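In case you want the letters, here they are:
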Amino acid sequence: MRTISSPTSAGLGLRRGLLPQLLAMKDGAVDFLEVAPDNWIGVGGQFGEQLAQLAARFPISAHGLSLSLGGTEPLDMDLLQRTREFNDRFDVALYSEHLSYTSDDGQLYDLMPIPFTDEAIRHVAARIRQVQDVLGRRIAVENVSYYAAPYQALAEIDFINAVLVEADTDLLLDVNNLYVNSINHGYDAEAFLARLPRERIAQYHIAGHYDEAIDLKVDTHGAPVKPDVWALLASAYRRFGVRPTLLERDFNFPPLKELLDETGRIRMMQVAYADRARLLEQSRVA
């Protein structure tokens, strides 16, 4: 197996609906594939073999869906142990989960927002530390999109930053989620970026969304990435530097060429901003 060895890496989400196209994809077409272990643990037969074939050709990152980091039910230790085994089997370079909760006396099958309170910070940070102990690795947590906001004693940015420090964990910065939230909740995305800790950003996600109205965006992962999200990704590269970046597409799958055009655009942006950063550093040394 291979790991994601360079920050200038563009990846694509591995979805079962894309399997025929991904299996036919040329080596090196993308730099890595990201899977949700929850959807693959215990899967055998044809699907299991196809995952193994792709993992032999492309580095794998993992993005969890069901740990419910913000939930009140005890962590699912069986799922955690099986996730660790999955990560070890496929030499997963980066494991991430959502800063949300997904269960309450049963799976909710959605990413529910956590109240932005001091109590919630302590609660979720303790659970993240427990997850990291069981998995035997540092993880990254993703900022999620949300629509009906629960009780907010703190601003979203203050909540996220406090969790990162309290849990001593990293951030998977979902640029599309940041953009969607900034429109839906009326805050400045650039000001949000300016307050994020550069040293904790491990990876970026980008995706498409649906324009319900001028002041309502829906995070769908079912459309091409929009210009404003590309611009925000460029701003993140400029502020924090290049990191491995994943294109998410969950349905309405186009021909693979269209997805590879988007991952190709990521690569071009990464090279441009990495070169810019290198030249800036050289000028400082000189």
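Residues numbered from 1 in each chain as written. Predicted model: local features only at pLDDT ≥ 70, side-chain atom pairs only at ≥ 80, totals over all residues. Heavy atoms only, no water.

- By the naming in an unreviewed UniProt entry, the chain is UPF0276 protein J2X04_000866, taken from Agrilutibacter niabensis.

### Concerning the overall build of the chain
Phase 1 of the analysis: Scanning the chain from N- to C-terminus turns up nine helices and twelve strands.
Phase 2 of the analysis: Principal-axis analysis of the C-alpha atoms gives the chain an extent of 55 × 50 × 45 Å.
Phase 3 of the analysis: Taking all 286 residues of the chain together, 52% fall into the buried category.
Phase 4 of the analysis: Counting contacts in the chain only where the partners sit at least 6 residues apart, residues at least 24 apart contribute 81% of the total.
Phase 5 of the analysis: Accessible surface computed for the chain: about 12900 Å², of which carbon and sulfur atoms make up 51%. (Helix = DSSP H or I, 4+ residues; strand = E, 2+ residues; numbered from the N terminus. Buried < 20%, exposed > 50% of the residue type's maximum accessible area, 1.4 Å probe, protein only. Contact = heavy atoms within 4.5 Å. Areas by Shrake-Rupley, 256 points an atom, 1.4 Å probe, with all protein chains shown as cover.)

### Looking at the side chain of Gln 50
Phase 1 of the analysis: As for its placement among the helices and strands, Gln 50 is situated in helix 2 (residues 45-57).
Phase 2 of the analysis: Residue class for Gln 50 comes out buried when judged on its relative accessible area of 14%.
Phase 3 of the analysis: Once you skip the residues sitting within four places of it in the chain, Gln 50 turns out to touch Leu 19 and Leu 23.

### Observations concerning a negative patch on the surface
Phase 1 of the analysis: Together, Asp 76, Asp 78, Glu 85, Asp 88 and Asp 91 make up a negatively charged patch on the protein surface.
Phase 2 of the analysis: In this structure, Asp 91 sits in the loop between helix 3 (77-89) and strand 4 (95-98). (Patch = residues over 30% accessible without salt bridge, like charges linked within 9 Å, V, L, I, M, F, W, Y side chains within 5 Å. Salt bridge = Lys/Arg side-chain N within 4 Å of Asp/Glu carboxyl O. Lys, Arg positive; Asp, Glu negative; His and termini not counted. Charge placed at Lys NZ, Arg CZ, Asp CG, Glu CD.)

### What about the sheet that holds strand 1 (residues 10-13)?
Within a beta sheet, neighbouring strands are joined by backbone hydrogen bonds and run either parallel or antiparallel to one another.
Phase 1 of the analysis: Within the closed barrel, the eight strands sit side by side as 1-2-3-4-7-8-9-12. Their pairing is parallel. The sheet shows a mean angle of 30 degrees between the axes of neighbouring strands, direction not considered. (Pairing = 2+ DSSP bridges. Axes fitted to C-alpha atoms, helices over the stretch in contact; angles between N-to-C directions.)

### Examining the pattern of salt bridges
Phase 1 of the analysis: Enumeration over the complete set of coordinates arrives at twelve salt bridges.
Phase 2 of the analysis: In this structure, Asp 27 and Arg 57 form a salt bridge, with 2.7 Å as the shortest nitrogen-oxygen distance. Here Asp 27 is found in the loop between helix 1 (19-23) and strand 2 (32-35), whereas its partner Arg 57 is found in helix 2, with 30 residues between them in sequence.
Phase 3 of the analysis: Taking relative accessible area as the criterion, Asp 27 reaches 59% and is therefore assigned exposed.
Phase 4 of the analysis: A salt bridge links Arg 267 to Asp 31; the shortest N-O distance between them is 2.9 Å. In this pair, Arg 267 sits in helix 9 (residues 256-285) while Asp 31 sits in the loop between helix 1 and strand 2, placing the two residues 236 residues apart along the sequence.
Phase 5 of the analysis: Put simply, Arg 138, Asp 168, Asp 170 and Arg 200 are held in one network by salt bridges that share partners.

### Overview of the packing of aromatic side chains
Phase 1 of the analysis: Per the stated rule, a full pass over the model turns up six aromatic pairs.
Phase 2 of the analysis: Considering the side-chain rings of Tyr 237 and Tyr 273, the 6.0 Å spacing of their centres and the 55 degrees angle between planes classify their relative orientation as tilted. Here Tyr 273 lies in helix 9 and Tyr 237 lies in helix 8 (residues 227-240), a separation of 36 residues in the sequence.
Phase 3 of the analysis: On the accessibility criterion, Tyr 237 (2% relative accessible area) is buried.
Phase 4 of the analysis: When its relative accessible area of 15% is taken as the criterion, Tyr 273 is described as buried.
Phase 5 of the analysis: Through pairs of rings, three or more aromatic residues link up here, namely Phe 116, Tyr 146 and Phe 159.
Phase 6 of the analysis: When the ring centre of Trp 40 is taken as origin, the NZ or CZ atom of Arg 16, which lies over that ring, is 4.8 Å away.
Phase 7 of the analysis: Across from the ring centre of Phe 47, 4.8 Å away, lies the NZ or CZ of Arg 16, which sits over that ring. (Phe/Tyr/Trp six-rings, centres within 6.5 Å; stacked < 30°, edge-to-face > 60°. Lys NZ or Arg CZ within 6 Å of the ring centre and 35° of its normal.)

### Quick word on the environment of Val 131
Phase 1 of the analysis: Tracing the sequence through the fold places Val 131 in helix 4 (residues 118-135).
Phase 2 of the analysis: The class for Val 131 is buried, based on a relative accessible area of 0%.
Phase 3 of the analysis: A sequence separation of 56 residues divides Val 131 from Leu 75, and the C-alpha atoms of the two residues are 8.3 Å apart.
Phase 4 of the analysis: Once you skip the residues sitting within four places of it in the chain, Val 131 turns out to touch Leu 67, Leu 69, Leu 75, Leu 80 and Ile 139.

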